[in-house]
Amino acid sequence: MLQDPAILPENVYNMDKTGVMLCLLNSVKVLVGKDDLQDYRGAGVKRTMVTAIECISASGRSLLLMIIWPATTYRSN
């Protein structure tokens, strides 16, 4: 399809996204006996995902980078 002269390189785009996990660690300590088999890893960890989206054309033109942060409030509409 890209060999078709009607399709211009400036009209062909590639989009890519990547996510980054942000972790906020609280100061949590757990004291257990050596025979306790229960797993306590991850206690007190809050994870937040931030997403970056980029879009570049075959001619080298790039659109503005979009960063998506989680919302704290939501609109009803």
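Details of the structure are given in the entry above.
This report concerns the structure included in the present document. Every value quoted in this text rests on a predicted model; they were computed, and no experiment measured them.

Moving on, we get to the overall build of the protein chain. Broken down by element type, the protein chain carries zero helices and three strands. Secondary structure elements of the protein chain, listed N to C terminal, follow the sequence β-β-β. Split into buried and exposed, the 77 residues of the protein chain put 8% on the buried side. Excluding contacts between residues fewer than 6 apart, the proportion of contacts in the protein chain whose partners are at least 24 apart in sequence is 56%. Here the protein chain displays about 7,400 Å² of accessible surface, and carbon together with sulfur accounts for 56% of that area.

Before going further, it helps to spend a moment on the environment of Pro70. Within the element layout of this structure, Pro70 appears in the segment after β3 (66-68). Judged by relative accessible area, Pro70 falls into the partly exposed class, the value being 44%. Distance in space between the C-alpha atoms of Pro70 and Met49 is 7.2 Å, their sequence separation being 21 residues. Sequence-distant contacts of Pro70, defined by excluding residues within four places in its chain, comprise Thr48 and Met49.

Once that is clear, we can look at the side chain of Thr48. In this fold, Thr48 is placed in strand β2 (residues 45-57). The contacts of Thr48, once residues within four sequence positions are left out, are Val20, Met21, Leu22 and Pro70.

Here we take up the environment of Val20. Relative to the helices and strands, Val20 is located in strand β1 (residues 13-25). Taking relative accessible area as the criterion, Val20 reaches 44% and is therefore assigned partly exposed. As a C-alpha pair, Val20 and Val50 span 30 residues in sequence and 5.3 Å in three-dimensional space. Contact partners of Val20, with chain neighbours within four places excluded, come to Thr48, Met49 and Val50.

Reading the values: rules and limits
- Residues numbered from 1 in each chain as written.
- Predicted model: local features only at pLDDT ≥ 70, side-chain atom pairs only at ≥ 80, totals over all residues.
- Heavy atoms only, no water.
- Helix = DSSP H or I, 4+ residues; strand = E, 2+ residues; numbered from the N terminus.
- Buried < 20%, exposed > 50% of the residue type's maximum accessible area, 1.4 Å probe, protein only.
- Contact = heavy atoms within 4.5 Å.
- Areas by Shrake-Rupley, 256 points an atom, 1.4 Å probe, with all protein chains shown as cover.

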